[in-house]
Amino acid sequence: MGEVDPAFIQEPEHRPKVSPTEAEGIPVIDLSPIIHNTVEDQSEIEGLVREIRSACKEWGFFQVINHGVPLSLRQRIEEASRKFFAQSLEDKKKVSGSETNAAGYYDTEHTKNVRDWKEVFDFLAKEPTLVPVSSDEDDDRLAEWTNKSPEYPPNFRVVIQEYIQEVEKLAYKLLELIALSLGLEAKRFDEFFIKDQTSFIRINHYPPCPYPHLALGVGRHKDDGALTILAQDEVGGLEVKRKTDQEWVRVKPTPNAYIINVGDIIQVWSNDAYESVEHRAMVNSEKERFSIPFFFNPAHDAEIKPLEELINEQNPAKYRPYKWGKFLIHIKNTNFKKQNVENLQIYHYKLA
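Looking at an unreviewed UniProt entry, the chain carries the name Fe2OG dioxygenase domain-containing protein, with the source organism given as Crotalaria pallida.

And the structure:
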């Protein structure tokens, strides 16, 4: 990725139009009461729930500290990731993903997202992961996605699996807090994830970019799934579109913290009480950058629609139901090849 292909040059409307400020306003939430079982009274949980509710409504993003994921494990996966991406392109492509199996290595040559200045390695939380063969509603066939196992570093697969186990524990605890913040039972969302979830981890590597004004690490987007748990290094680069004024705001790295954002699925489940917010990643002209998001996604056969407890005559359902697996496959297919139709988004399911 040393030379900039003309395809990397952004269209004018995608170039940053503002100088983002540091996002001091993005809430930092201390999870120690529920992680370390130090709750002395119910008011501590209620306080956490209020913080979560405020963060989800006002930002759609927040950071968590004292989250329970061992720092030593995070350091191990970061070290192993650096070793993996330091290999030759030929070696990395030995574990490339494909249209029929999403796990593995990708660079921008693999997809139509040519303006993203990065390379990634995707690893599934559950193996095999069951997904529909196609996005056709009448096609009931299922495929099995399986993980690739890089030869180097030799312990890469084991480290990733251990890391996923710990981050998944955090994801369930966050879902409980989000459920409580919506007035639901704490375990309300578990049924969508207990069996056949389609979650995965993505390890992003952003090489130094000689033309940072012409490319983005990741273009502006919203996350399609339920919840994203992001580890970013000290270089930083994540920017969030602030809901109050639609300005881009940079998220200042907080040591050992995780950045959390609600995805489109929670927006639909909550019937727009919480919103999935646009974000992007900027590149750096001098330093390489690593980030590791965990995308917590339900089972392929989960029907996504506003939860019955949250709708009534005064607040009717704002979305028609859709199958998560069909939606996921449509997105994956359009990532690989240019379609003659608009990329599917949740607003296509919005009711008048």
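S.K.: Run through the overall build of the chain, naming residues and quoting values.
M.R.: For the chain, the helix and strand inventory stands at seven helices and 17 strands. Counting across all 352 residues of the chain, residues that qualify as buried make up 51%. In the chain, of all internal contacts separated by at least 6 residues, the share reaching a separation of at least 24 is 77%. Only carbon and sulfur atoms are counted for the fraction: they give 47% of the accessible area of the chain, which is about 16500 Å².

S.K.: Any details on the side chain of Asn147? Residues and values, ideally.
M.R.: Mapped onto the elements of the fold, Asn147 is located in the loop between strand E7 (142-145) and helix H5 (156-181). The contacts of Asn147, once residues within four sequence positions are left out, are Ala103, Phe123, Leu124, Glu127 and Arg157.

S.K.: Give a description of helix H2 (residues 42-58) that names residues and reports values.
M.R.: Here H2 spans 24 Å end to end across 17 residues, near enough to the 24 Å set by a 1.5 Å rise per residue. Among the residues making up H2, those that are buried are Ile45, Gly47, Leu48, Val49, Ile52, Ala55 and Cys56. Looking at the buried residues of H2, the elements they touch are strand E2 (28-30), helix H1 (32-35), strand E3 (61-65), H5 and strand E13 (258-262).

S.K.: Any chance you could break down the sheet that holds strand E8 (residues 200-206) for me, citing the residues and the numbers?
M.R.: Strand pairing in a sheet takes place through backbone hydrogen bonds and is either antiparallel or parallel in direction. Taking strand neighbours across the sheet as the criterion, the eight strands line up as E2-E3-E13-E10-E15-E8-E5-E4 in an open arrangement whose pairing is mixed. The sheet is open, and its two borders are formed by E2 and strand E4 (104-107), each paired with just one other strand. The sheet shows a mean angle of 25° between the axes of neighbouring strands, taken without regard to direction. In this sheet, E8 lies alongside strand E5 (residues 119-124) in antiparallel orientation, the contact comprising six bridges. Within E8, the position partnered with Val120 by the bridge is Asn204. Taken strand by strand, H2 contacts E2, E3 and E13, and its axis lies near 160° from that of E2.

S.K.: Could you give an account of the confidence of the model for the chain, with specific residues and numbers?
M.R.: Put simply, the chain has an average pLDDT of 87, and 85% of its residues get 70 or more. Taken together, the stretch residues 1-23 has pLDDT below 50 and engages in 54 contacts with residues farther than four places along the chain or on a different chain.

S.K.: Give a description of unusual backbone geometry that names residues and reports values.
M.R.: Looking along the chain, the bond that leaves Glu127 and enters Pro128 is cis, with omega of -5°. Note on placement: Pro128 falls in the loop between E5 and strand E6 (129-132). Cis geometry marks the peptide bond from Tyr152 to Pro153; its omega dihedral reads -10°. Among the secondary structure elements, Pro153 is positioned in the loop between E7 and H5.

S.K.: Can you break down the pattern of salt bridges residue by residue, with the values?
M.R.: Considering all chains together, one arrives at 22 salt bridges under this definition. In this structure, Lys350 engages Asp272 in a salt bridge whose closest nitrogen and oxygen atoms are separated by 2.3 Å. Taken as a pair, Lys350 in the segment after helix H7 (324-336) and Asp272 in the loop between helix H6 (264-269) and strand E14 (279-281) lie far apart in primary sequence, 78 residues in all.

S.K.: Break down the environment of Glu168 for me, with residues and values.
M.R.: Position of Glu168 relative to the elements: it lies in helix H5. Classification of Glu168 by relative accessible area gives buried; the value is 14%. The sequence separation of Glu168 and Phe295 amounts to 127 residues, and the corresponding C-alpha distance is 9.6 Å. Beyond its immediate chain neighbours, meaning those up to four positions away, Glu168 contacts Ala125, Lys126, Gln197, Phe294 and Phe296.

S.K.: Explain the nonpolar core residue by residue, including any values.
M.R.: Counting 83 residues, the largest nonpolar core has Leu31, Tyr163, Ile178, Phe189, Tyr258 and Trp269 as the members making the most contacts within it. In contact with Phe189, not counting residues within four places along its chain, are Leu175, Ile178, Ala179, Leu182, Leu184, Trp269 and Leu307. Core analysis: the second largest hydrophobic core is formed by nine residues, Leu230, Leu238, Val240 and Ile259 among them.

S.K.: How would you explain a negative patch on the surface if you had to name every residue and give the values?
M.R.: A cluster of acidic side chains, namely Asp136, Glu137, Asp138 and Asp140, defines a negative patch on the protein surface. Within the secondary structure, Asp138 sits in the loop between E6 and E7.

S.K.: Outline the packing of H2 against H5, listing residues and values.
M.R.: Between two packed helices, what matters for the description is the angle formed by their axes and the separation of those axes. Following both chains from N to C, one finds H2 and H5 inclined at 85°, their axes separated by 8 Å at the closest point. Classified by the angle between their axes, H2 and H5 sit roughly perpendicular to one another. In this structure, H2 uses Ile45, Leu48, Val49, Ile52, Arg53 and Cys56 to contact H5, whose residues at the interface are Leu177, Ile178, Leu180 and Ser181. For the contact of H2 with H5, the class distribution of residues is eight nonpolar, one polar and one charged.

S.K.: Give a detailed account of helix H3 (residues 71-85), specifying residues and quantitative values.
M.R.: Taking 1.5 Å per residue, 15 residues should reach 21 Å; H3 reaches 21 Å between its end C-alpha atoms and fits that length. Within H3, the full set of buried residues consists of Leu73, Arg74, Ile77, Ala80, Ser81, Phe84 and Phe85. Buried residues of H3 fall within an arc of 130° about the axis and therefore sit on the same side.

S.K.: Quick one: what's the story with the environment of Pro306, residue by residue and with numbers?
M.R.: Summarising the element assignment, Pro306 is placed in the loop between strand E16 (303-304) and strand E17 (322-323). Along the chain, Pro306 and Pro316 lie ten residues apart, while their C-alpha atoms are 9.0 Å from each other. The residues contacting Pro306, other than those within four sequence positions of it, are Val268, Trp269, Asn271, Ile311, Ala317, Lys318 and Tyr319.

The rules behind these values
Residues numbered from 1 in each chain as written. Predicted model: local features only at pLDDT ≥ 70, side-chain atom pairs only at ≥ 80, totals over all residues. Heavy atoms only, no water. Helix = DSSP H or I, 4+ residues; strand = E, 2+ residues; numbered from the N terminus. Buried < 20%, exposed > 50% of the residue type's maximum accessible area, 1.4 Å probe, protein only. Contact = heavy atoms within 4.5 Å. Areas by Shrake-Rupley, 256 points an atom, 1.4 Å probe, with all protein chains shown as cover. Expected span 1.5 Å × (residues − 1). Pairing = 2+ DSSP bridges. Axes fitted to C-alpha atoms, helices over the stretch in contact; angles between N-to-C directions. pLDDT = per-residue confidence, 0-100. Salt bridge = Lys/Arg side-chain N within 4 Å of Asp/Glu carboxyl O. Core = buried A, V, L, I, M, F, W, Y, C linked by side-chain atoms within 4.5 Å. Patch = residues over 30% accessible without salt bridge, like charges linked within 9 Å, V, L, I, M, F, W, Y side chains within 5 Å. Lys, Arg positive; Asp, Glu negative; His and termini not counted. Charge placed at Lys NZ, Arg CZ, Asp CG, Glu CD. Parallel < 35°, antiparallel > 145°, perpendicular 65-115°, else oblique. Nonpolar A, V, L, I, M, F, W, Y, C, P; charged D, E, K, R; others polar. Arc of directions from axis to C-beta.

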